[in-house]
Amino acid sequence: TSAIFKARPKNVFEVKTAIAVIGARGTDFWGGHDKGFLEVALLGGTGVYVENEKGRAEMTTPGFGTDVKAGEAPTTPTKWGAPRVEKALNTVSWD
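What comes next concerns the included structure. (Residues numbered from 1 in each chain as written. Predicted model: local features only at pLDDT ≥ 70, side-chain atom pairs only at ≥ 80, totals over all residues. Heavy atoms only, no water.)

## Considering the overall build of the protein chain
Assigned secondary structure in the protein chain consists of 2 helices and 6 strands. In the protein chain, the order of α-helices and β-strands from amino to carboxyl end is α-β-β-β-β-β-β-α. Across the 95 residues that make up the protein chain, the buried fraction comes to 33%. Across the protein chain, contacts joining residues at least 24 apart in sequence account for 28% of those joining residues at least 6 apart. Per element, the accessible surface of the protein chain, about 5700 Å² overall, is 54% carbon and sulfur. (Helix = DSSP H or I, 4+ residues; strand = E, 2+ residues; numbered from the N terminus. Buried < 20%, exposed > 50% of the residue type's maximum accessible area, 1.4 Å probe, protein only. Contact = heavy atoms within 4.5 Å. Areas by Shrake-Rupley, 256 points an atom, 1.4 Å probe, with all protein chains shown as cover.)

What follows is the structure, encoded as structure tokens:
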């Protein structure tokens, strides 16, 4: 996302979903929708936030993530274990 940041005056790249907005600043992050909620994790870099009308969660430490259900604030970021990070990464093709 760093190349996108350079082109944007706010230096923030946002992904708008039906549940929340994901904003990233010079970072690698993963986001997915599973079982009726949005999951977002910081993989590396400066930071990522998840925000909706109910609240905001910011991750600044790689390996931390949050879950967001429709109509609820994002959960307090927690450290994701290796199995959850691996499961998330397995949903992405790196080719």
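Next comes the rest of the write-up.
## As for the pattern of salt bridges
Considering all chains together, one arrives at 4 salt bridges under this definition. Residue E39 is joined to R84 by a salt bridge in which the shortest nitrogen-to-oxygen separation is 2.8 Å. You can see E39 sitting in strand β3 (residues 37-52) and its partner R84 sitting in helix α2 (residues 82-89), a full 45 residues away along the chain. When its relative accessible area of 11% is taken as the criterion, E39 is described as buried. In this structure R84 comes out as partly exposed when scored by relative accessible area, which is 27%. Taking the shortest distance from any N to any O, the salt bridge between E51 and R56 comes out at 3.1 Å. (Salt bridge = Lys/Arg side-chain N within 4 Å of Asp/Glu carboxyl O.)

## Digging into the side chain of T27
As for its position among the elements, T27 is in strand β2 (residues 21-34). A distance of 2.5 Å separates a polar atom in the side chain of T27 from the backbone oxygen of G44. (Polar contact = N/O pair within 3.5 Å; in protein donor to acceptor, adjacent residues only side chain to side chain.)

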